[in-house]
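Structure at a glance
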Amino acid sequence: MDIKDKSLLRSEAYINGEWIKKETTFSVYNPYNQVKIAEVSDCTQVDTESAITAADHAFQIWSNYTANKRSRILQNWYKLIIENATDLAHILTIEQGKPLQEAIGEIKYGASYIEWFAEEAKRVYGDVIPGQSRKNRITVIKQPVGIVGAITPWNFPSAMITRKVAPALAAGCTVIVKPSEFTPLSALALAELSDRAGFPKGVINIVTTKDAASIGQSLTSNSKVKKISFTGSTPVGKIVLKQSADQIKKVTLELGGNAPFIVFADADIDAAVSGCYDSKFRNGGQTCVCTNRIFLHESIHNEFIEKFATKVKSIKTGYGLDKGVEIGPMINEDAVIKDINLIKDATNKGAKVIAGGMRKKGLFIEPTILCNIDSNMDIFSSEIFGPIAAIYKFNSESEVIEMANNTKYGLASYFYGRDYALIWRVAEALEFGMVGINTGLMSTVTAPFGGIKESGFGREGSKYGIDEYLNIKYMCWGGVE
Ligand code: ADP
């Protein structure tokens with residue numbers, strides 16, 4: 001393993017500024033070769049309670065720091081992450097599988113949230129509002145919600161943490177992170193750097209476990225935890241939301257997606273092919289904003305497929321640490337089986353394989369293109385989360401809008417076209433939280449990331465992101481004469 005600073009490789013939980021080694025552990029495997037890379041502390045509800053107590057105590061300190069002081073510590077953390085980006089990316093690649101260059105990209109993208117919210121910490125402004133009566137004055141202030149429970153997935157083991165933790169800390173909250181059991185090492189490496197950055201103990205806690213359900217239960221049922229921010233699947237998001245309902249906790253949910261990618265007749269086909277490739281195959285198709293359904297206008301259908309297939313057939317799959325590899329393995333066996341079944345179901349119902357279509361040794365599926373897809377196939381409504389491009393044909397704007405919106409999900413959507421009026425109509429008609437117009441990549445710290453419908457609610461990043469961690473307090477000043 002080519003990691004310069006070996007102290008970034010931690011396997012204990014991080015609670016109240018201390019590394020907690022547990023007798024009981026769970027194994028973390030490299031998805032490329034299934035070699036065990038770590039035995040990580042398996043925390044219980046008791047550990048979670050101590051993390052909550054620590055975060056509660058730390059909240060009294062951290063929330064009373066000036067915004068400038070919090071900002072400086074966040075900036076220290078940001079700098080340390082950037083300085084150690086290559087090591088962090090190595091850790092990410094060996095536990096998650098994505099190619100090293102992509103992992104470096106994730107580390108920098110994740111760090112950008114810390115940098116951004118270190119600045120936003122200083123801009124938590126209130127309001128002075130004219131009263132209805134001359135006797136009254138109205139002021140509004142914003143205050144941190146309190147302790148935040150952050151539950152994060154394996155597909156972006158680093159960035160999904162910073163996207164929640166950075167705005168929470170900037171607002172003055174303290175956090176308990178429960179990372180995915182598949183990828184806890186990136187979370188622990190971030191904790192090690194946060195330790196060096198100078199956060200008071202208890203401000204950031206990482207509870208590692210393989211028993212997500214019981215830790216989720218602890219976080220949602222403890223009244224000291226005021227906010228749950230969850231990124232993951234829609235079914236688990238629903239559990240977390242139901243559990244949080246008991247205490248009416250504030251909740252942010254970033255759940256599954258079923259992104260349409262529409263190419264209209266007048267689109268720049270080369271640009272559309274390239275955008276589609278980016279949005280479909282990034283992270284091996286394992287992102288919630290990945291293109292899931294490709295709708296091609298009949299007039300450009302064949303030309304697009306020909307160009308797209310040339311690109312897809314040249315994709316190099318393999319070990320993320322090897323040079324030139326563009327797609328790593330899937331995360332686990334379940335993910336492979338689910339996708340192979342989607343391919344089988346589609347081909348049984350009449351889909352045609354244009355590229356790939358087969359499982360390869362290990363946790364790999366060949367980058368695949370299927371055409372002649374229709375809405376009766378499972379792949380229409382399932383989140384693929386793998387390297388399979390499913391192509392539909394359409395001939396009218398109204399037909400494609402109806403098909404694109406025919407999903408319970410509402411996260412990302414994309415389309416390519418040039419006509420100005422069409423662009424406005426389509427962008428307004430798509431029932432999704434995000435619309436990429438002539439681009440296949442749109443996640444950036446300066447923009448609000450999030451969904452509608454069963455893709456969840458709340459936004460991460462941008463000026464809106466910090467509001468998720470703030471309460472609005474209205475003060476009415478009477479007797480002012
Ligand atoms: P995926 O594995 O597709 O990312 P999941 O929703 O299974 O999506 O996992 C996202 C996060 O939710 C992970 O950290 C996982 O451990 C956690 N999780 C799984 N089940 C529960 C649960 N019942 N309560 C709370 N968190 C859970």
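Because the structure is predicted, anything quoted here is derived from the model rather than measured.

This part takes up the site of the ligand. Contacts to the ligand come from 17 residues, most closely from Thr 152, Trp 154, Lys 178, Glu 181 and Ser 233. Residue Ser 233 places a side-chain N or O atom 2.6 Å away from an oxygen atom belonging to the ligand. Against a free-state accessible area of 550 Å², the protein chains account for coverage of 81% of the ligand. If you map the ligand onto the pockets, it falls in the largest pocket.

Structurally, Ile 37 is set in strand β4 (residues 36–41). Ile 37 sits 58 residues away from Glu 95 along the chain, and the two C-alpha atoms are 7.7 Å apart.

Turning next to the nonpolar core. As a rule of thumb, nonpolar side chains are buried together in soluble globular proteins. By size, the foremost hydrophobic cluster in this structure holds 69 residues, and its most contacted members are Val 263, Phe 304, Phe 308 and Ile 379. When sequence neighbours within four positions are dropped, the list of residues in contact with Phe 308 reads Val 273, Cys 276, Tyr 277, Phe 281, Ile 294, Ile 369, Ala 389 and Ile 391. Ranked by size, the runner-up nonpolar core spans 63 residues in total, among them Ile 3, Ile 81, Ile 114 and Leu 188.

This part covers the pattern of salt bridges. Within the structure shown, the criterion is met by 27 salt bridges. The salt bridge involving Glu 333 is made with Arg 359; its shortest N-O contact spans 2.8 Å. Placement of the pair is Glu 333 in helix α11 (residues 333–348) and Arg 359 in strand β15 (residues 359–360), with a sequence separation of 26 residues. Among the ionic pairs, Arg 425 bridges to Glu 397, the shortest N-O distance being 2.8 Å.

On to the layout of surface pockets. Vacant regions in the atomic arrangement are exposed by a probe of water-molecule size rolled over the atoms. For the largest pocket, the calculated volume is near 910 Å³. Taken together, 37 residues line the largest pocket, and the ones lying closest to its centre are Pro 153, Trp 154, Gly 232, Ser 233 and Val 236. Those elements giving two or more residues to the lining of the largest pocket turn out to be α7 (212–221), β10 (225–231), α8 (234–245) and α11. Among the elements that take part in the lining of the largest pocket, α8 stands out by supplying 6 residues, more than any other. Its residues assigned to classes, the lining of the largest pocket shows 19 nonpolar, 12 polar and 6 charged. Taken as a whole, the second largest pocket spans an internal volume of roughly 490 Å³. Among the secondary structure elements, those contributing two or more residues to the lining of the second largest pocket are α4 (100–120), α5 (159–171) and α9 (269–281). The residue makeup of the lining of the second largest pocket, split by class, is 12 nonpolar, 4 polar and 7 charged.

On to the sheet that holds strand β17 (residues 368–371). Here 7 strands make up an open sheet; going across it, the order is β14-β17-β18-β13-β12-β20-β21 and the pairing mixed. Strands at the two margins of the open sheet, each flanked by one partner only, are β14 (352–355) and β21 (434–437). Between one strand axis and the next, the sheet turns through 25° on average, direction left out of account.

The 3 strands lie next to each other as β5-β6-β24, forming an open sheet whose pairing is antiparallel. Looking at the sheet topology across the chains shown, the edges are occupied by β5 (127–130) and β24 (470–477). Neighbouring strand axes in the sheet, compared pairwise and without regard to direction, differ in orientation by 25° on average. Of the pairings in the sheet, the one linking β5 to strand β6 (residues 137–144) comprises 4 bridges and is antiparallel in character. What sits directly across from Val 128, in β6, is Thr 139.

What follows covers the pairing of strand β18 (residues 388–394). Along β18, 6 of the 7 residues are buried, which leaves the element largely enclosed by surrounding structure. Sheet topology note: the strand β13 (residues 291–297)/β18 ladder contains 4 bridges and is parallel. The residue of β18 that forms the bridge with Phe 295 is Tyr 392.

Note on placement: Asn 283 falls in the loop between α9 and β13. Under the relative-accessibility criterion, Asn 283 is labelled buried at 3%. Leaving out residues up to four positions away in the same chain, Asn 283 has contacts with Gln 96, Lys 98, Glu 102, Asn 155 and Phe 156.

Evaluation of the coordinates by the stated rule reveals 17 aromatic pairs. Measuring from ring centre to ring centre gives 5.7 Å for Phe 264 and Phe 394, while their planes differ by 80°; the resulting arrangement is edge-to-face. In this pair, Phe 264 sits in the loop between β12 (259–263) and α9 while Phe 394 sits in strand β18, placing the two residues 130 residues apart along the sequence. Each residue in the set Trp 62, Tyr 65, Trp 77 and Phe 199 is aromatic and connected to the rest through ring pairs, giving one cluster. Here the guanidinium or amino end of Arg 163 rests over the ring plane of Phe 449, the centre of that ring lying 3.9 Å away. The lysine or arginine in question, Lys 311, covers the ring of Tyr 277, its NZ or CZ lying 4.9 Å from the ring centre.

Taking 1.5 Å of rise per residue, the 13 residues of helix α10 (residues 301–313) would be expected to cover 18 Å, and the 18 Å separating its terminal C-alpha atoms lies within 8% of that figure. Considered for burial, the residues of α10 that qualify are His 301, Phe 304, Ile 305, Phe 308, Ala 309 and Val 312. In an axial view of α10, the angular spread of the buried residues amounts to 125°, which keeps them on one side of the axis. Structural note: α10 exposes Asn 302, Glu 306 and Thr 310 on the side pointing more than 90 degrees away from its buried face. Each element contacted by the buried residues of α10 is listed here: β12, α9, β13, β14, β17 and β18.

Reading the values: the criteria
- Residues numbered from 1 in each chain as written.
- Predicted model: local features only at pLDDT ≥ 70, side-chain atom pairs only at ≥ 80, totals over all residues.
- Heavy atoms only, no water.
- Near = heavy atom within 4 Å.
- Polar contact = N/O pair within 3.5 Å; in protein donor to acceptor, adjacent residues only side chain to side chain.
- Areas by Shrake-Rupley, 256 points an atom, 1.4 Å probe, with all protein chains shown as cover.
- 1 Å grid on protein atoms, 1.4 Å probe; cavity = no way out; pocket = protein on both sides within 12 Å on 5 of 7 lines; lining within 4 Å.
- Sits in = over half its atoms within 2 Å of the grid points.
- Helix = DSSP H or I, 4+ residues; strand = E, 2+ residues; numbered from the N terminus.
- Core = buried A, V, L, I, M, F, W, Y, C linked by side-chain atoms within 4.5 Å.
- Buried < 20%, exposed > 50% of the residue type's maximum accessible area, 1.4 Å probe, protein only.
- Contact = heavy atoms within 4.5 Å.
- Salt bridge = Lys/Arg side-chain N within 4 Å of Asp/Glu carboxyl O.
- Points joined across faces, edges and corners; volume = space filled by probe spheres on them.
- Nonpolar A, V, L, I, M, F, W, Y, C, P; charged D, E, K, R; others polar.
- Pairing = 2+ DSSP bridges.
- Axes fitted to C-alpha atoms, helices over the stretch in contact; angles between N-to-C directions.
- Phe/Tyr/Trp six-rings, centres within 6.5 Å; stacked < 30°, edge-to-face > 60°.
- Lys NZ or Arg CZ within 6 Å of the ring centre and 35° of its normal.
- Expected span 1.5 Å × (residues − 1).
- Arc of directions from axis to C-beta.

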